[in-house]
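So the chains spell out like this:
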Amino acid sequence: MKKIITLLLVLLPVFCMGQSKEDKQEAMVKEAVESGNVYVHVEQVLPLSMRMKDVSTDSYAFRLKGGKLTCYLPYFGASHTAMIGTDDTGIKAEAVPVKIQKEFNAKKNCWRMAFGFTSDNLHEHISCKVQIFVNGQTYIQMQSEGRDSIQYQGTVEEEKEK
């Protein structure tokens, strides 16, 4: 009887620990990607031929929900066409339907998604490639027809209710 009680006392902390923080994050990321409801908080911007810029505001985000893209992302870089009548050069989309091609790369342990859309503010076609690692680290590359490409880095998070 003493052996059983001793064994239980030794094993009890192991059973009480549950999932680690990393396991919970991986499960959250996997569920988000597979359900198609991905929210990425953008933290850094990597313009082509420029230095990386940290983005300190919470307003820059990338969201895929129900096959629709909503994003508000800054743009820094060169434009190859004139942007007449606007100072708003960021990349904006509000519930734009997209057809997502998605695959899991087991070698790199990440999901890759690709799709195209038309921005709301400048009405230009943008090709988008997204790479989401199981730890939540995300790279988003946007390629426009009239501007240099730009890349964003961020983290998959659970979307906060407003």
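For the structure, see preceding data.
What comes next concerns the included structure. (Residues numbered from 1 in each chain as written. Predicted model: local features only at pLDDT ≥ 70, side-chain atom pairs only at ≥ 80, totals over all residues. Heavy atoms only, no water.)

When strand β3 (residues 61-65) meets strand β4 (residues 68-73), the two strands line up antiparallel, connected through five bridges. Bridging across to β4, F62 finds its partner in C71. The loop that links β3 with its antiparallel partner β4 comprises two residues; one of these, G66, has a positive phi angle of about 60°. Two elements, β4 and strand β5 (residues 91-97), share five bridges in a ladder whose sense is antiparallel. Its bridge partner being in β5, L69 is matched across the sheet by V96. (Pairing = 2+ DSSP bridges. Helix = DSSP H or I, 4+ residues; strand = E, 2+ residues; numbered from the N terminus.)

In this section: the nonpolar core. Counting residues in hydrophobic clusters, the biggest one holds 34 residues, and the most contacted among them are F62, L69, I91, F115, F117, M142 and Y152. Residues within four places of F117 in sequence aside, it is in contact with L69, I91, A93, V96, V98, E124, H125, I126, C128 and M142. (Core = buried A, V, L, I, M, F, W, Y, C linked by side-chain atoms within 4.5 Å. Buried < 20%, exposed > 50% of the residue type's maximum accessible area, 1.4 Å probe, protein only. Contact = heavy atoms within 4.5 Å.)

For L69, the position within the fold is in strand β4. Sequence spacing of L69 and A95 is 26 residues, and the spatial spacing of their C-alpha atoms is 5.1 Å. Apart from the residues within four sequence positions on either side, L69 is in contact with F62, R63, L64, A93, E94, A95, V96, V98, F115 and F117.

With that settled, consider helix α2 (residues 21-35). With 15 residues, α2 extends 21 Å from end C-alpha to end C-alpha; this agrees with the ideal 21 Å at 1.5 Å per step. Residues of α2 that are buried: M28, V29, A32 and V33. Projected onto a plane normal to the axis of α2, the buried residues spread over an arc of 125° and lie on a single side. Residues of α2 that are exposed and angled more than 90 degrees away from the buried face: K24, E31 and E34. Its buried side turned inward, α2 meets β1 (38-47), β6 (101-105), β7 (110-118), β8 (125-133) and β10 (150-156). After α2 finishes, the residue G36 shows a positive phi value of roughly 85°. (Expected span 1.5 Å × (residues − 1). Arc of directions from axis to C-beta.)

Just geometry here; none of it tells us what the structure is for.
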